[in-house]
Amino acid sequence: MRSPIVVDSEAMRPDARAWFHGRTTSARALDAIDVDELIAAKRRSGSRVSVVLPARDEEATVGLLVADIAERWMRRVHLVDELVVVDSDSTDATAEVARAAGADVVATADVLPAHGSRPGKGEALWKSLAVTTGDLVVFLDSDLKGDVSHYVPGLLGPLLTDPHVQYVKGCYTRPLEIDGVSVPSGGGRVTELAARPLLNALWPELAGFVQPLGGEYAGRRTVLEQVPFAGAYGVEIGLLVDLLDLVGLGGLAQVDLGVRRHTSQSQEALGAMAGQVVSTVLARASRAEPSLAAGGLLTQFRHDGGRFVPRSTAVALDERPPMATVPEYQARAAILAG
Ligand SMILES: O=c1ccn([C@@H]2O[C@H](COP(=O)(O)OP(=O)(O)O)[C@@H](O)[C@H]2O)c(=O)[nH]1
Ligand SMILES: O=C(O)[C@@H](COP(=O)(O)O)O[C@H]1O[C@H](CO)[C@@H](O)[C@H](O)[C@H]1O
């Protein structure tokens, strides 16, 4: 198989490259985080922190996540002021399990009822702003597996220590677990096959985001309340593009959280997710100003054990004209027609 043409591991557009190197920090484990510093910074800022978990049918995983956050970051150390699970039309015991583990639980349908209730993750996250009070809001998926106790302080770090940062996305390596079988890479299928190519083509300044669709992120309420929340699974890419427009690349950051394991969906389900991501992008594409300077590049990322390493390949359009317009073809056709 012909390997892609690697242009240069640092071929990103200069602003994306500078952002990647300047705004990517690491919090891959709890011992890499100075929690005392975060507590002191939170106290100095007087900020309240809300953690939101959108959950649809997550009874198997939401309890452990809630219990860990409640114990570690509310009782043992006061980093988090409120922990809310937004029950997104679950048909299982998600709400009961989350409440028993220590979360406040609200049903999407019960929030802003005058505005109706739409299905999907984006709806749950939009409504979460109406039932939380934090100046800083942390969003975590409810299907996370393994030790993610460092995710909350990791995401809060840039927001609590740098007033210029308005929104932080987690990044991580992503094993893929299908039918109980886990392989070390391959997760983030919609990211790799749909979102990343679209973002690189339309908003190359965002090419430095390792996990643009990742479900773990945090932001200041003052910016989150200013942008639309795309429905269903378009919410992440919509927020990223809209917050770029609102606060600029300088207001965005990402933090390496190590590894992310979650309950993976089927390819069929991810097809629908990709469709929602594409719809959300197309609704914003007219605002895009793709730079010719980095046109035709796709930047992907590998992890070398210490950090993410960018790797760009040429994907510029390379097409031939209709054969019927080629003189040699025309001459040959004339001969064949005899
Ligand atoms: O209609 C929905 C769909 C998903 N989710 C939640 O959003 C997160 C991410 O969804 P999912 O795990 O389905 O996406 P994946 O991580 O597989 O891409 C999870 O906490 C889901 O419970 C939700 O609140 N409402
Ligand atoms: O990153 C991705 O490609 C998708 C699917 O991940 P997997 O292929 O199931 O590991 O997962 C993310 O995308 C969704 C849409 O933005 C987010 O809502 C999820 O939180 C996130 O896991």
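Keep in mind it's a predicted model, so treat the numbers as computed, not measured.

J.: What exactly am I supposed to notice about helix α11 (residues 327-337) here?
T.: What sets the pattern is the α-helix's 3.6 residues per turn: residues three or four places apart point alike. Of all 11 residues in α11, zero are buried; the element is thus mostly exposed. After α11 finishes, the residue Gly338 shows a positive phi value of roughly 50 degrees.

J.: Is there a simple way to explain unusual backbone geometry in this structure?
T.: Although it is not a glycine, Asp57 adopts a positive phi angle of roughly 55 degrees. Not every positive phi belongs to a glycine, and Leu112 is a case in point at roughly 50 degrees. Relative to the helices and strands, Leu112 is located in the loop between β5 (104-107) and α5 (121-131).

J.: Explain the site of ligand 2 to me, please; I cannot follow it from the model alone.
T.: Near ligand 2, the surroundings consist of 17 residues, among which Asp141, Arg174, Arg189, Thr191 and Glu236 are the closest. Take Asp141: an N or O atom from its side chain is 2.5 Å from an oxygen atom of ligand 2. Between ligand 2 and the protein, one listed contact pairs an oxygen atom with a backbone N or O atom of Val190 at 2.8 Å. Contact with the protein chains hides 98% of the accessible area of ligand 2, taken as 500 Å² for the molecule alone. Elements with a minimum of two residues in the shell around ligand 2: α7 (189-202) and α10 (267-282).

J.: What should I look at first to understand helix α1 (residues 14-23) in this one?
T.: Taken together, the buried positions of α1 are occupied by Ala16, Trp19, Phe20 and Arg23. In an axial view of α1, the angular spread of the buried residues amounts to 105 degrees, which keeps them on one side of the axis. Across from the buried face of α1, at angles greater than 90 degrees, the exposed residues are Pro14, Ala18 and Gly22.

J.: Explain the sheet that holds strand β12 (residues 252-259) to me, please; I cannot follow it from the model alone.
T.: The pairing of strands in a sheet comes from backbone hydrogen bonds and takes either a parallel or an antiparallel form. Strand order in the open sheet formed by eight strands is β2-β12-β8-β11-β6-β3-β4-β5, with mixed pairing between adjacent strands. Whereas interior strands pair on both sides, the edge strands pair on one side only; in this sheet they are β2 (24-26) and β5. Each adjacent strand pair in this sheet contributes to an overall mean axis angle of 25 degrees, direction not counted. Note: β2 against β12, three bridges, orientation parallel. Across the sheet, Thr25 pairs through a bridge with Val255, a residue of β12.

Rules behind the numbers
Counting starts from 1 at the beginning of each chain's written sequence and moves along it residue by residue. Going through the entries in the order they are written, you letter the chains from A and number the ligands from 1. Restriction of local features to residues with pLDDT of at least 70 applies here, the model being predicted, together with a cutoff of 80 or more for giving and counting side-chain atom pairs; totals for whole chains, interfaces and linings are based on all residues. Each side-chain value is worked out from all heavy atoms of the structure, with water and hydrogens disregarded. The cut-offs for exposure are 20% and 50% of the maximum accessible area for each residue type, with area from a 1.4 Å probe on protein chains only; residues under the lower value are buried, those over the upper are exposed, and the others partly exposed. Segments assigned H or I by DSSP are reported as helices when at least four residues long, segments assigned E as strands when at least two residues long, and all are numbered from the N terminus. Whether a residue is near a molecule or strand depends on its heavy atoms: if one lies within 4 Å, it is near. Here a polar contact means two N or O atoms within 3.5 Å. Within protein one must be a hydrogen donor candidate and the other an acceptor candidate, and residues neighboring in sequence count only if both atoms are side-chain atoms. Here the open area of atoms and residues is found with the Shrake-Rupley method and a 1.4 Å probe, where only the protein chains shown may cover a residue. Regarding the arc, it is the one traced by the directions from the helix axis to the C-beta atoms. A pair of strands is considered paired only if DSSP assigns at least 2 bridges between the two. Here, axes are lines fitted to C-alpha atoms. For helices the fit covers the stretch in contact, and angles between N-to-C directions go from 0 to 180 degrees.

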